[in-house]
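# Structural overview
As a plain string of letters, each chain reads:
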Amino acid sequence: MDAESGGYGLIEQGAAVLGGGRIIWVGQEAALPAEYTTLPRHDLGGRLVTPGLVDCHTHIVFGGDRAREFEMRLEGASYEQIARAGGGILSSVRATREADEQALLASALPRVDTLLAEGVTTIEIKSGYGLDVESELKMLRVARRIGELRKVTVRTTWLAAHALPPEYKDDRAGYIRDVVIAGMERGHAEGLIDAVDGFCEGIAFSRDEMAGIFDHAARLGLPVKLHAEQLSDLGGAAMAAQHGALSADHLEWLGQDGIDAMAVSGTVAVLLPGAFYTLRETQYPPMQALRDAGVRIALATDCNPGTSPMTSLLLTMNMGATLFRMTPTECLTGVTRHAAAALGLSDRGVIAPGLRADLAVWDIQHPAELTYRIGFNPLHTRFVGGELV
């Protein structure tokens, strides 16, 4: 199946020919060209095959955890009280700075493995919990190492513009200069960065600050994306779209100007229902307006220690449907074709000749089951680059 918009594009009794890591042919088995009939076969027993899933927004490399903070919130503590007690993002920053690469790798791999066990074949991993050059680069080195140790494509994102660390609390321009820009240059020179991201919000970085960072990314030839309109509408998504951003993510407070700009630029809307759920938000993304404008909509786990401690893309699909009223077709397209587009990857996300042979094989009868079931993993196996895993 190819998960085309408006339908799944199901091929009953289908077959696919794989070679050189690519899909060579796909269609009904009865129409298999004679030249392929003598090739070795994998009988999948009539199971459903989809493109491999793509988790296009994660913070899966980090130190420590925030379980006690979660408990404190439920016991009635305010954000300020948690911060005074050493919680919040800065607790993750401290733990990440203190951990070496091996410790970060050891803690991240079980989270990655959980995603792979649900059919994920491509994952994006951001920095953003180091907030100094060495710690941010350390996170991205670990991300690259994950791609070497596991059968998964890893795309790395420079997210130093995530928060302001205490040592720069009175020098925002200095932090952007000394860490965000200088670190971007170093990471780019070392081949560690595939894209540049930032958090555009009142508690983080302004639209103008992010525009300057994006201008520098453009000079390095790096694509950009943005955490935007999660807590308020600062016009970040429109600015990102004007910079040709791959994606704008969260978007609960996205206005029509941002939607129109994204439609023109082709910027993908990445929705993150795990964070919406964890924070118990009440402002919903403008789903129908995004549809009406023809903006592509993706879904991702946003796996992170504070606001979305989730390592299930299947649960994300269910949340996309139950919380945001997405259809099962939209949910599946949102973790395949459109998620790949959010990473700038045009070679996957659809089962079609010439594309990368990343496939997920499921013990289900209908693709809607992937969105419908809760806490159930029907994965049978994965093909990654044409290789049976």
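The rules we used
- What you see as residue numbers is a count from 1 along each chain, following the sequence as written.
- Predicted model: local features are reported for residues with pLDDT of at least 70 only, side-chain atom pairs are reported and counted for 80 or more only, and whole-chain, interface and lining totals are derived from all residues.
- The side-chain quantities take in all heavy atoms of the structure and omit both hydrogens and water.
- UniProt positions are given in the numbering used here, feature names are shortened, and annotations may be inferred rather than shown by experiment.
- Each Phe, Tyr or Trp ring, with Trp reduced to its six-membered ring, pairs with another whose centre is within 6.5 Å; inter-plane angles below 30 degrees give stacked pairs, above 60 give edge-to-face pairs, and intermediate values give tilted ones.
- Comment: elements are numbered from the N terminus, with helices defined as DSSP H or I runs of at least four residues and strands as E runs of at least two.
- Exposure classes here rest on a 1.4 Å probe applied to the protein chains alone. A residue is buried below 20% of its type maximum, exposed above 50%, and partly exposed in between.
- Within this document, salt bridges are pairs made up of a side-chain nitrogen of Lys or Arg and a carboxyl oxygen of Asp or Glu, the two lying within 4 Å of each other.

The chain is annotated in an unreviewed UniProt entry as Imidazolonepropionase from Paracoccus broussonetiae subsp. drimophilus. Of the chain, the UniProt comment under Subcellular location (unreviewed entry) reads exactly: "Cytoplasm". Quoted verbatim from the Function (unreviewed entry) heading of the UniProt record, the comment on the chain is "Catalyzes the hydrolytic cleavage of the carbon-nitrogen bond in imidazolone-5-propanoate to yield N-formimidoyl-L-glutamate. It is the third step in the universal histidine degradation pathway."

A few words now on the packing of aromatic side chains. Given two aromatic rings, one states the distance between the centres and the angle between the planes to describe the pair. Taken as a whole, this structure holds 5 aromatic pairs when the rule is applied. Pairing F62 with Y129 gives two aromatic rings, centres 6.4 Å apart and planes at 70°, and the pair type is edge-to-face. Remark: Y129 occurs in the loop between strand 5 (120-126) and helix 5 (133-149) and F62 occurs in the loop between strand 4 (53-55) and helix 1 (67-74); sequence separation between them is 67 residues. Both residues of the pair, F62 and Y129, belong to the buried class.

Before going further, it helps to spend a moment on the pattern of salt bridges. The tally for this structure, following the rule as stated, stands at 27 salt bridges. One salt bridge in this structure joins R68 and E75, with 3.3 Å as the shortest N-O distance. Here E75 falls in the exposed class, since its relative accessible area comes to 55%. The shortest N-O distance in the salt bridge between D194 and R144 comes to 3.1 Å. Pair noted here: D194 is in the loop between helix 6 (172-189) and strand 7 (195-200) and R144 is in helix 5, with a separation of 50 residues, a long-range link. D194 sits in the buried class, given a relative accessible area of 18%.

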